[in-house]
Structures are given as C-alpha cells and as structure tokens.
Amino acid sequence: MENKKKVAKPEGKLAVLIPGLGAVSTTLMAGVELARQGKGAPIGSLTQMGTARLGKRTDGRTVKLNELVPLATLDDVVFGAWDIISEDAYQVAVRSGVLSDKHLEQVKPFLQGIKPKPGVHDPEFVRRIAANHIKATKTHRESIEAIRQDIRDFKKELNAKRAVMVVCSSVETFRPLPEAFQTLANFEKALDSNSPDINPTALYTYAAIKEGVPFANGTPNAAVDTPALQELAKQDGVPVAGRDLKSGQTMMKTVIAPALKARMLGLEGWFSTNILGNRDGEVLDDPQAFKAKEVTKSSVLDTILQPDLYPELYNKYSHKVSIHYYPPRGDAKEGWDNIDITGWLGYPMQIKVNFLCRDSILAAPLVLDIALFMDLAKRLEWRGIQEWMSFYFKSPMAHPGLPVEHDLFIQLTKLKNTLRVVAGEEPITHLGMDYYGDDLPLSR
C-alpha cells in the first residue's frame with residue numbers, strides 16, 4: 001500500500017492536561033520522568049514498547065509502533081493538571097502510596113513543580129472529598145471560560161505547541177442521561193440556564209473541544225459518550241475517545257469471555273468483586289458513584305458473548321459486580337472472579353481468578369498511550385469518535401448504529417491496523433492462505 005496518510009510532525013512540546021491530580025496521574029508523571037532519566041522502564045505502554053509486523057510473515061519486518069507513525073516522544077511531554085485539593089504532585093504521590101520512597105525521591109523536584117490549577121467542583125456529583133481548591137466561578141459558562149483560559153495559560157507556561165486532555169478525576173455520581181445531553185442545542189441551553197444536570201467533567205469536555213484540544217475520558221463520568229458533545233467534537237474538528245480506563249478486572253473479562261465464546265463454552269454466571277483502599281475506593285463507597293462504575297464494568301459481556309446469536313449458551317447467565325472500600329489495601333487493588341461455565345453435554349466447570357494488581361501501575365501507561373495517540377489523531381486532522389482507541393476503555397464509543405467491540409484482541413488488531421494504514425502499509429488479516437498455494441485452492 002503506497003497511500004501513506006499525511007500527518008504533521010510532532011514538533012515542540014505536548015502538554016498532557018489532566019483534570020484530577022490523583023494516584024493515576026501522579027504515577028504517570030513520575031513514571032515518565034523516571035523513564036526519561038533511565039531509571040525506570042515504561043512497561044505496559046504500547047507506544048513505548050509495542051511493535052507491529054509489516055507485510056508477510058516471511059518478510060521479517062517488525063517495527064516499534066513509535067517508529068511506524070510519528071508520535072511525540074517522552075522528552076516532548078509536559079504536564080498540567082486541575083484538582084479540587086491544593087496538594088502538588090509530590091504530596092499527592094506520597095499520600096497515594098503507589099510508588100516507593102526511592103522512586104519518589106528521584107523525581108521529587110519534578111513532581112513538586114506540578115501544582116494543580118483550581119478545579120470545577122459540584123458536591124452533588126462528588127460527595128466524599130472535602131474540596132479546598134475550587135474555582136470561584138458562579139455559572140457553567142464562567143467555569144468553561146476559566147478552563148479555556150487555563151488551557152491557554154498551561155500551553156504558555158509549559159512552552160507547549162500542542163495539548164491533549166485526559167480526564168483522571170474522581171468518579172461522579174450516576175444519573176440517567178438527561179435531555180440536556182441529547183443534542184448540542186439542548187446542551188447549550190442547559191449551560192445558559194446553569195442546569196444542575198451538567199456535571200463537572202462535561203464542562204472540561206466542552207472547554208477542551210472549544211479550544212481544539214483532543215479529549216479522552218478515563219473515567220465513567222458523562223462526557224463525550226453523549227450525543228451533544230459528540231456533535232460538538234465533529235462540528236469543531238476535534239478527536240474524542242472514552243470512557244473509563246480498562247486496566248484490571250475488566251481487562252481480564254475482555255480476555256476470558258472471548259476465549260469462552262471461541263470454544264463455544266456456556267456461561268451460567270460471572271461474579272466479580274474488588275477491594276481497594278485509595279481515594280477512588282473512598283469515592284466509590286458512595287452507592288451513586290459506584291453505580292456509574294458498575295455500568296461501565298458490566299457492559300462488556302453481552303457485547304462479546306452475543307446472547308442473541310447463542311441463546312443456548314449465554315441467554316440466562318447471572319452477572320454480579322461489586323466494589324468494596326477497604327482502606328488497608330491502598331492502591332493495591334484485589335479482584336476476585338468466580339466464573340461458572342458449562343461444557344460438553346452441559347457438565348459444569350468453574351474458573352477462579354484472583355488478580356492482585358496495582359490500580360495506578362496498570363492505568364498510568366494507558367493514559368500515556370491515549371495522550372500520544374490522541375495527539376496523532378489531531379495531527380491527522382481526524383475528528384469525532386476515535387473507535388480505533390477502544391482498546392483502552394471499558395465502555396468505548398462507536399459510530400451511532402454500530403455495535404461496540406469489546407474483545408481485547410480484536411480491539412488491538414483494529415488499533416495496529418489503523419496505524420499500519422496511516423503509515424501506508426497493508427492491514428494484516430492473518431488469513432495466510434497465499435503461503436500454501438495449490439494446497440488450499442480458492443478456485444479451480
């Protein structure tokens with residue numbers, strides 16, 4: 001394929017702007033700086049460690065993803081953040097307890113230099129945090145203008161030519177999608193009337209899009225998964241992606257469920273529970289906040305298993321999800337899954353998964369990849385939903401009318417094939433019949 005896509009080079013600094021200076025974002029910031037110093041490896045990051053095969057298997061052509069397409073380098077990345085707590089990134093990282101004292105001391109001055117700008121806060125959406133660093137705005141429109149000014153100021157302060165926004169803030173309380181989010185016209189009216197239906201994350205989303213900044217939502221909060229803000233993104237030519245980072249237990253579901261369906265094994269029930277003790281766990285102790293997380297964590301199985309096509313196997317399974325706040329565990333989240341399956345002649349079997357993971361260690365490289373890929377999308381002049389980014393999200397978006405793909409390996413194939421096409425290479429289908437010639441004739 002000679003049709004290489006035109007893409008502007010990633011010249012200058014890239015500002016990664018993050019609403020929510022918490023465990024995930026500070027782990028990301030520290031990790032990037034440690035990698036730049038040669039004191040840590042960016043494990044878990046496709047953009048830094050992933051590869052793609054090009055051409056036939058017999059060609060022996062494999063390149064790193066960051067050589068296949070022009071991505072910003074780690075040296076180009078600078079950080080800005082908003083938060084409703086006044087602590088700097090070092091204070092947050094120490095309190096979060098994710099990284100060792102040794103690692104934190106090596107990047108202490110760097111983290112101390114990252115001080116959040118005041119955040120937009122609505123106590124009806126985030127109830128478990130005593131906010132002390134809030135914008136003094138009175139209306140939605142004022143908050144949006146303040147965020148837009150912050151974006152311009154960040155770029156100037158950080159000497160950045162480009163910016164992306166990735167939301168890593170606390171989970172907001174769940175609400176059924178209100179009429180205000182159904183169309184852009186309705187959303188604009190709701191902004192003008194200072195509607196209580198508009199959540200803080202949506203204000204960051206609107207501000208980023210109006211500033212031409214690519215936006216990705218790493219939380220379950222209502223944002224670009226809504227028709228109104230998708231309409232705005234297309235109208236203003238801004239790429240958007242989300243929602244909710246797929247890092248731990250849900251990642252495992254999107255690996256195991258495709259295996260069950262591939263072998264036509266039945267599913268009777270899937271029970272998932274988590275314990276964690278970080279601020280995310282504290283916020284999720286609010287039942288309405290947990291409901292928002294439950295929606296994204298529970299959405300993957302039906303799409304993967306397709307019970308409408310395989311009613312005998314998947315039409316009546318039970319799916320339970322729970323999260324428990326347990327302070328002693330800190331960021332070292334533990335997930336248990338009990339999966340009741342059926343095999344030949346209906347005989348029962350079980351799968352048990354005990355994933356002792358580190359929430360922020362898994363999530364930080366995802367935020368890095370998302371930021372670098374969203375910057376690429378902007379330089380490609382792509383706009384609206386970036387379905388090829390589904391690999392990173394629990395509840396990814398697709399064009400209206402298209403079913404969402406949750407299978408992790410199909411998502412990865414889609415992502416890599418997208419990058420191949422951008423680079424002017426052929427997508428890889430893994431068909432491989434041409435290797436066998438007359439042994440596998442397609443026509444006679």
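Residues numbered from 1 in each chain as written. Predicted model: local features only at pLDDT ≥ 70, side-chain atom pairs only at ≥ 80, totals over all residues. Heavy atoms only, no water.

## Considerations on the pattern of salt bridges
Point 1. Counted by the stated rule, this structure contains 18 salt bridges.
Point 2. When salt bridges with common partners are traced through the structure, they connect Glu145, Arg148, Arg152 and Glu211 into a single cluster. (Salt bridge = Lys/Arg side-chain N within 4 Å of Asp/Glu carboxyl O.)

## Quick notes on the environment of asparagine 186
Point 1. By the element assignment, asparagine 186 lies in helix 8 (residues 184-192).
Point 2. As a C-alpha pair, asparagine 186 and isoleucine 85 span 101 residues in sequence and 32 Å in three-dimensional space.
Point 3. Contact partners of asparagine 186, with chain neighbours within four places excluded, come to Glu179 and Ala180. (Helix = DSSP H or I, 4+ residues; strand = E, 2+ residues; numbered from the N terminus. Contact = heavy atoms within 4.5 Å.)

## Regarding the pairing of strand 3 (residues 61-64)
Point 1. The sheet contact formed by strand 2 (residues 51-54) and strand 3 spans four bridges and is antiparallel. Pairing of threonine 51 across the sheet is with lysine 64, part of strand 3.
Point 2. What sits between strand 2 and strand 3 in their antiparallel hairpin is a turn of six residues, with glycine 55 showing a positive phi close to 70°. (Pairing = 2+ DSSP bridges.)

## Examining the domain arrangement of the protein chain
Point 1. Looking at the assigned domains, one finds that the protein chain contains domain 1 (13-245 + 360-423) and domain 2 (249-356).
Point 2. Tallying the contact residues gives 26 residues for domain 1 and 27 residues for domain 2.
Point 3. Surface buried jointly by domain 1 and domain 2 totals about 2300 Å² across both partners, of which 61% is contributed by carbon and sulfur atoms.
Point 4. Area buried by domain 1 at its contact with domain 2 is led by Arg128, Phe174 and His406, which between them contribute 30% of it.
Point 5. Here domain 1 is connected to domain 2 by zero salt bridges.
Point 6. At the junction of domain 1 with domain 2, the criterion picks out two residue pairs in polar contact (both at pLDDT 80 or more).
Point 7. Residue assignment for the side of domain 1 that touches domain 2 shows that the elements contributing at least two residues are helix 4 (89-96), helix 16 (359-379) and helix 17 (408-422).
Point 8. Sorting elements by how many residues they give to the side of domain 1 that touches domain 2 places helix 16 first, with three residues.
Point 9. Across the side of domain 1 that touches domain 2, the residue classes break down as 12 nonpolar, six polar and eight charged. (Domains from an automatic or database assignment. Buried area = accessible area lost by both parts, 1.4 Å probe. Polar contact = N/O pair within 3.5 Å; in protein donor to acceptor, adjacent residues only side chain to side chain. Nonpolar A, V, L, I, M, F, W, Y, C, P; charged D, E, K, R; others polar.)

## Considerations on the environment of threonine 183
Point 1. Turning to its location among the elements, threonine 183 is positioned in the loop between strand 6 (160-167) and helix 8.
Point 2. The partly exposed category is assigned to threonine 183, whose relative accessible area is 31%.
Point 3. Taking the C-alpha atoms as reference points, threonine 183 and glutamate 381, 198 residues apart in sequence, are found 24 Å from one another.
Point 4. Excluding residues that lie within four positions of it along the chain, threonine 183 makes contacts with Ala228 and Glu231.
Point 5. Separated by 3.0 Å, the side chain of threonine 183 and the backbone nitrogen of asparagine 186 make a polar contact. (Buried < 20%, exposed > 50% of the residue type's maximum accessible area, 1.4 Å probe, protein only.)

## A closer look at empty space enclosed by the protein
Point 1. Counted by the stated rule, this structure contains one cavity of 30 Å³ or more.
Point 2. Its volume calculated, the largest cavity comes out at about 30 Å³.
Point 3. Around the largest cavity sit Ala241, Gly242, Ile385, Gln386, Glu387, Met389, Ser390, Phe393, Pro396 and Met397, which together line it.
Point 4. In terms of residue class, the lining of the largest cavity is built from six nonpolar, three polar and one charged. (1 Å grid on protein atoms, 1.4 Å probe; cavity = no way out; pocket = protein on both sides within 12 Å on 5 of 7 lines; lining within 4 Å. Points joined across faces, edges and corners; volume = space filled by probe spheres on them.)

## Examining the side chain of serine 360
Point 1. Within the secondary structure layout, serine 360 lies in helix 16.
Point 2. By relative accessible area, which is 1% here, serine 360 ends up buried.
Point 3. Those residues in contact with serine 360, other than ones at most four positions away along the chain, are Ala23, Val24, Thr27, Val98 and Asp331.

## Looking at the nonpolar core
Point 1. One finds Met29, Leu111, Ile370, Phe373, Met389, Tyr392 and Leu419 to be the most contacted residues of the largest nonpolar core, which totals 63 residues.
Point 2. Of the residues forming this core, the biggest block, 12 residues, is contributed by helix 16.
Point 3. Filtering out sequence-adjacent residues up to four positions away, phenylalanine 373 remains in contact with Thr47, Leu71, Trp388, Met389, Tyr392, Leu415 and Leu419.
Point 4. Counting 38 residues, the second-largest nonpolar core is a separate cluster that includes Val167, Leu184, Leu203 and Ala208. (Core = buried A, V, L, I, M, F, W, Y, C linked by side-chain atoms within 4.5 Å.)

## With respect to helix 11 (residues 249-262)
Point 1. The first and last C-alpha atoms of helix 11 sit 20 Å apart over 14 residues, in line with the 20 Å expected at 1.5 Å per residue.
Point 2. Residues of helix 11 that are buried: Gln249, Thr250, Lys253, Thr254, Ile256, Ala257, Pro258 and Leu260. (Expected span 1.5 Å × (residues − 1).)

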